[in-house]
Amino acid sequence: MIFLEDVKKEFKGNYVLKGINLNIKDGEVYGLVGRNGAGKTTLLNIIAGISKCSSGTCKVNNELKPAAGFSYLPDLPSFYDYLSIDEYVEFLLGTDYVGEKADYIKALEKLNFKPSAKIKSLSRGNRQKLGIYVATMKNPGIVLLDEPTSALDPVGRREVMELIKELKDGGTTVILSTHILADLEVVCDRIGFLNEGYIANEFDLKSSAVETECDYEMNITGEEINDEFIEKLNTQFKNFTVKKGFGVGNVVCKPKAGIDKNVQQTFLDEVSKLSCSISSIKKVSFVNLEELMVEVLTK
Amino acid sequence: MSRLSLCMKKDRIEFLRSKKLAVCIVFLAVFMVFVLALTAVIPQLSNIVSSDSEFITTGIATMVEFLKSYFPQLLSDSTGFFSTEIGLFYSILVIAFSFSVLPKEIKSGRLILPICNGYQQKEIFLSKQIVYALFCSIPAGVAYFLYYLIGSTFLVKDCTISFGIIGALATCFNVFSIVCITIALSVIYKHSVLVVITMGLTVAASPDLLFFLPFGRYIPTYILTYLNYAEIDPTYLIIPAIEYAVIILLLDIIVIKRKFAVVVDERR
């Protein structure tokens, strides 16, 4: 659990954080949103224990200092550039690396990394991807991610979102700071808007009170979800726009305008006409965060 | 492997791959060849440059005598000169290598992931200090001893091999201490430029100033200046060495107790 009470941070007489109160439960994915310079990184630094708050209390798992099982990925991860990727992983893992070296090498190769490649040869996006990998490779209980997808291409972003989903499923608490609101919509349980040194608003994305839009996610087995298949589904689903979703076999069906009433029944009717095998159907409710953010931060 | 040895392995790779060791070796080799060559050539100058004019011959002889005082023909004096010059010029090079190495890592946030993975500031600091100090100092000691061996083939040999070994160790220890102090100060001081000023003045200016003080010869930076007399009076070597050790120990205790910042915690 992460608990902050009246946390303030002052820089040369200016208060960047003026009184943050936050309570994040175990296993929760919390999104932190705010304008540039709002203090998101400062807040994460305080939670990570690498920066001290000027006043207030910050506790992680009832401890004033983050203990083991804690990981933090800064917005622009910096590495020891002269090391190769596997040397860096070995340095971070220490003795844990020796017995499971083959597994780590395999995981790196899966992420399209050549373990012997020098870190300085990596592109910005790949450095970010490596940062996410090393920050999560020890299965920490709490992960802080500061703008983890800012330099990633859409495929990379999708992979990171998948990873956060996996962390969430494994019970990891995640704090995610990003400007890419679509990412938050996909993975977060709750989001907080940081404005003028305070958490201006918090929204529970599971709550129907903020639900403004609703999609359906299906998991299809026995089919390759390629462009051709998506096009075929789009012709069959007259009232929905079908897109590839996160994860293997997942497709997202977005209702077209004009079917606001009884969307679920319309969806189920159209699903019943499909010939492919469907293993699960999930209703995905989300808010349009961009609209919400503009409304909260500009009022 | 302990975390300290993992850190040292990482720093060793960094020192080697950033070609700092190569620069140290090349610098010392060029410096050694230059001093040895001049020391060998100077006594022959009057024979090489011959002239019928008595005025010119006298002038050359005077110049040769003058240069001989700078490039002495006695092995003990010549190695002493070499080590003193290393103490100045090579020290400036190693200060340049080490004054910003940890501040840069703090500023870039490079320490965040290692700290999150269980490393402590003291391990990161001690590793950097040990690796940089060893890699900078061992080549200096080796260069001194090589200088002694080569010099003994053509200079007036007035000292034993133990003199060469002690001199090499003292040179090595002097550079080791300078690097240790530089790295410790770099995390104690807020601005790296202050480290350069402090250490620059210590190695370049303080020996000349302290020469006039009665206790000047016992100041750490004089460890190489009186190296030649160490065989007669070991205190010339022992007292500065102990002082160096005490200074390093005190600075290290300050760094370890205070714990340096992992990130730069200030906004412009």
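Relevant structure appears above.
So, here's what we can say about the structure. (Residues numbered from 1 in each chain as written. Chains lettered and ligands numbered in written order. Predicted model: local features only at pLDDT ≥ 70, side-chain atom pairs only at ≥ 80, totals over all residues. Heavy atoms only, no water.)

The next point concerns the overall build of chain B. Tallying secondary structure elements over chain B gives 11 helices and 0 strands in all. Across chain B, helices and strands are ordered from the amino to the carboxyl terminus as α-α-α-α-α-α-α-α-α-α-α. Out of the 268 residues in chain B, the part that is buried amounts to 47%. Put simply, 77% of the contacts in chain B that link residues at least 6 apart link residues at least 24 apart. Looking at chain B as shown, the accessible area adds up to about 13000 Å², and 71% of this sits on carbon and sulfur atoms. (Helix = DSSP H or I, 4+ residues; strand = E, 2+ residues; numbered from the N terminus. Buried < 20%, exposed > 50% of the residue type's maximum accessible area, 1.4 Å probe, protein only. Contact = heavy atoms within 4.5 Å. Areas by Shrake-Rupley, 256 points an atom, 1.4 Å probe, with all protein chains shown as cover.)

Turning next to the overall build of chain A. When its secondary structure is counted, chain A shows 10 helices and 13 strands. The globule rule puts the C-alpha radius of gyration for 299 residues at 19 Å, and the 21 Å found for chain A is close to it. Counting only C-alpha atoms, chain A reaches 60 × 50 × 30 Å along its principal axes. For chain A, buried positions account for 50% of its 299 residues. Considering only residue pairs separated by 6 or more positions, chain A has 67% of its internal contacts joining residues 24 or more positions apart. Accessible surface computed for chain A: about 14600 Å², of which carbon and sulfur atoms make up 47%. In chain A, which carries 37 positive and 43 negative side-chain charges, the distance between the mean positions of the two groups comes to 3 Å. (Rg over C-alpha atoms; globule rule 2.2 N^0.38 Å. Lys, Arg positive; Asp, Glu negative; His and termini not counted. Charge placed at Lys NZ, Arg CZ, Asp CG, Glu CD.)

Moving on to the packing of helix α1 (residues 3-17) of chain B against helix α8 (residues 121-154) of chain B. Residue and element names in this part refer to chain B. Close contact between α1 and α8 brings their axes to 8 Å; oriented N to C, the two are set at 45°. Relative to α8, the element α1 is oriented oblique. Considering only the axes of α1 and α8, their crossing is right-handed. Mapping the contact onto sequence places R3, L4, C7, M8, K10, D11, R12, E14, F15 and L16 in α1 and E123, I124, L126, S127, K128, I130, V131, Y132, F135 and C136 in α8. Here the contact of α1 with α8 is composed, by residue class, of 12 nonpolar, 1 polar and 7 charged. (Axes fitted to C-alpha atoms, helices over the stretch in contact; angles between N-to-C directions. Parallel < 35°, antiparallel > 145°, perpendicular 65-115°, else oblique. Left-handed = near helix turned anticlockwise from the far one by under 90°. Nonpolar A, V, L, I, M, F, W, Y, C, P; charged D, E, K, R; others polar.)

Turning to the packing of α8(B) against helix α9 (residues 161-188) of chain B, a few remarks are in order. Two measures define how a pair of helices packs: the angle their axes make with one another and the distance between the axes. Residue and element names in this part refer to chain B. Packing of α8 against α9 leaves a shortest axis separation of 7 Å and a crossing angle of 150°. Classified by the angle between their axes, α8 and α9 sit roughly antiparallel to one another. Considering how the two elements wind past one another, α8 and α9 form a crossing that is right-handed. Residues of the contact of α8 with α9, tallied by class, amount to 23 nonpolar, 6 polar and 1 charged.

Residue and element names in this part refer to chain A. Summarising the element assignment, D146 is placed in strand β6 (residues 142-146). Among buried Asp, Glu, Lys and Arg side chains, D146 stands out as unpaired, with K40 the closest opposite charge at 6.7 Å. Polar contacts involving the side chain of D146 include one to the side chain of S177, which spans 3.2 Å. The residues contacting D146, other than those within four sequence positions of it, are T41, L44, Y72, L73, P74, D75 and S177. (Salt bridge = Lys/Arg side-chain N within 4 Å of Asp/Glu carboxyl O. Polar contact = N/O pair within 3.5 Å; in protein donor to acceptor, adjacent residues only side chain to side chain.)

Another point: the sheet that holds strand β2 (residues 14-24) of chain A. Residues and elements named next belong to chain A. The strand order β2-β1-β4 describes an open sheet built from 3 strands, whose pairing is antiparallel. Of all strands in the sheet, those with a lone pairing partner are β2 and β4 (55-60), marking the two edges. For this sheet, the mean inter-axis angle between neighbouring strands, taken without regard to orientation, is 25°. Those strands touched by helix α1 (residues 40-48) are β1 (2-11), β2 and β4, and its axis lies near 120° from that of β1. (Pairing = 2+ DSSP bridges.)

A few words on the sheet that holds strand β7 (residues 173-177) of chain A. All names here are of chain A. Overall, mixed pairing links the 6 strands, which are arranged β5-β6-β7-β3-β8-β9 in an open sheet. Lying at the two open borders of the sheet, with one neighbouring strand each, are β5 (70-73) and β9 (198-204). When strand polarity is set aside, the average angle formed by the axes of neighbouring strands in this sheet is 15°. Here strand β3 (residues 29-34) runs beside strand β8 (residues 190-195); their pairing, made up of 5 bridges, is parallel. Residue G31 lies in a different strand from β8, and its bridge partner there is I191. The strands touched by helix α5 (residues 124-136) within the sheet are β5 and β6, with β5 carrying the most contacts at an inclination of about 170°. Of the strands in this sheet, β3, β8 and β9 are in contact with helix α10 (residues 289-298), which crosses β8 at around 35°.

Turning to the packing of aromatic side chains, a few remarks are in order. Applying the stated criterion to the full structure yields 20 aromatic pairs over all chains. These aromatic residues form a ring-pair network of at least three members: B:F27, B:F31, B:F82, B:F89, B:Y90 and B:Y147. (Phe/Tyr/Trp six-rings, centres within 6.5 Å; stacked < 30°, edge-to-face > 60°.)

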